[in-house]
Amino acid sequence: MSREGLTEDNLARDPFEQFRRWWDEAQAKSQMLEPTGMILSTVDPDGQPASRVVLLKHWDNRGFVFYSNYRSRKARGLEAEPRASLLFWWDKLRRQIRIDGEAKKLAARESDAYFATRPRGSQIGAWASMQSQPLDSRETLARRVEELDAEFGDGPIPRPPHWGGFRLVPNEFEFWDDGAHRLHDRLVFRRDGSGWTIERLYP
Ligand SMILES: Cc1cc2nc3c(=O)[nH]c(=O)nc-3n(C[C@H](O)[C@H](O)[C@H](O)COP(=O)(O)O)c2cc1C
């Protein structure tokens, strides 16, 4: 891999295009265990920050989409404070991308369409899990899964109303590229009307 780093000359003018370049390289690196994994940080209604890994399922110029339970801790946080932050750390590339913005629930039909493509086991799991609520034992969850499995039979499984997607609409991107002697490149895009400003930061 070339280590020429990120320069004002090789940087894309558009952060989504820059994201695409690094994303394509990350997805092509077969040694990476979960290149679609990203850390999502939200703030609880009492101001406590919380982070966890979620998978990036689609992205385009509108934003970055992940799916979750709408009653989970993260979803309750986002309801009160939609501003959130995504972080990718692609170790094999020695690159980090931070994306800050506002998360919005996807339209129901978008979540329906994605839910319909999921394996049946995951669909039942979405019905069975009261994500982030206390669970008295593994057996309780296993029993719920068995009951739902029998209830749904062989028919199609509808999306649970408490499960769906969020789209994080970015207002800032930071691209971080590892440099020698800790002289890393950090380039920040900030939304400015219909365009973006670009600024280099000290590492
Ligand atoms: C590799 C990996 C991928 C994950 N993907 C998702 C995901 O796409 N959606 C999700 O809700 N949770 C996902 N999780 C579980 C979350 O990290 C988290 O435990 C769960 O969403 C509950 O978070 P909360 O209580 O903060 O809301 C994933 C965990 C790991 C380690």
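Scroll up for the structure.
Rules used throughout
Residues numbered from 1 in each chain as written. Predicted model: local features only at pLDDT ≥ 70, side-chain atom pairs only at ≥ 80, totals over all residues. Heavy atoms only, no water. Helix = DSSP H or I, 4+ residues; strand = E, 2+ residues; numbered from the N terminus. Buried < 20%, exposed > 50% of the residue type's maximum accessible area, 1.4 Å probe, protein only. Near = heavy atom within 4 Å. Polar contact = N/O pair within 3.5 Å; in protein donor to acceptor, adjacent residues only side chain to side chain. Areas by Shrake-Rupley, 256 points an atom, 1.4 Å probe, with all protein chains shown as cover. Nonpolar A, V, L, I, M, F, W, Y, C, P; charged D, E, K, R; others polar. Contact = heavy atoms within 4.5 Å. 1 Å grid on protein atoms, 1.4 Å probe; cavity = no way out; pocket = protein on both sides within 12 Å on 5 of 7 lines; lining within 4 Å. Points joined across faces, edges and corners; volume = space filled by probe spheres on them.

Trainee: A description of the overall build of the chain should follow, citing residues and the corresponding values.
Mentor: Looking only at helices and strands, one finds 5 helices and 9 strands in the chain. The order of helices and strands in the chain, counted from the N terminus, is α-β-β-β-β-α-β-β-α-α-α-β-β-β. On the principal axes, the C-alpha backbone points of the chain span a range of 60 × 35 × 30 Å. Per-residue burial over the chain gives 41% buried out of 203 residues.

Trainee: Provide a residue-level description of the site of the ligand, including the pertinent values.
Mentor: If you check the shell around the ligand, you find Arg52, Val53, Val54, Leu55, Tyr67, Ser68, Ser72, Arg73, Lys74, Gln131 and Ser132 and nothing else. In this structure, tyrosine 67 approaches the ligand through a main-chain N or O atom, which is 2.8 Å from a nitrogen atom. Note that an oxygen atom of the ligand is positioned 2.6 Å from one of the side-chain N or O atoms of serine 132. Notes on the ligand: free accessible area 620 Å², of which the protein chains cover 61%. Put simply, the parts of the chain that give the shell around the ligand at least two residues each are β2 (49-55), β4 (63-69) and α2 (73-80). With 4 residues, β2 is the largest single contributor of residues to the shell around the ligand. Its residues assigned to classes, the shell around the ligand shows 4 nonpolar, 4 polar and 3 charged.

Trainee: Which residues make up the environment of tryptophan 59, and what values go with them?
Mentor: Secondary-structure assignment places tryptophan 59 in strand β3 (residues 58-60). Its relative accessible area of 22% is what places tryptophan 59 among the partly exposed residues. Note: C-alpha distance between tryptophan 59 and aspartate 178 (119 residues apart in sequence) is 25 Å. In contact with tryptophan 59, not counting residues within four places along its chain, are Phe16, Phe19, Arg20, Trp23 and Phe64.

Trainee: Explain the layout of surface pockets to me, using residue names and the numbers behind them.
Mentor: In this structure, the largest pocket spans a volume of roughly 240 Å³. Lining the largest pocket are 15 residues, with Tyr67, Ser68, Arg118, Gln131 and Trp163 sitting closest to its centre. Listing elements by their share of the lining of the largest pocket, those giving two or more residues are β2, β4 and α4 (120-128). Taken together, the residues of the lining of the largest pocket sort by class into 6 nonpolar, 6 polar and 3 charged.

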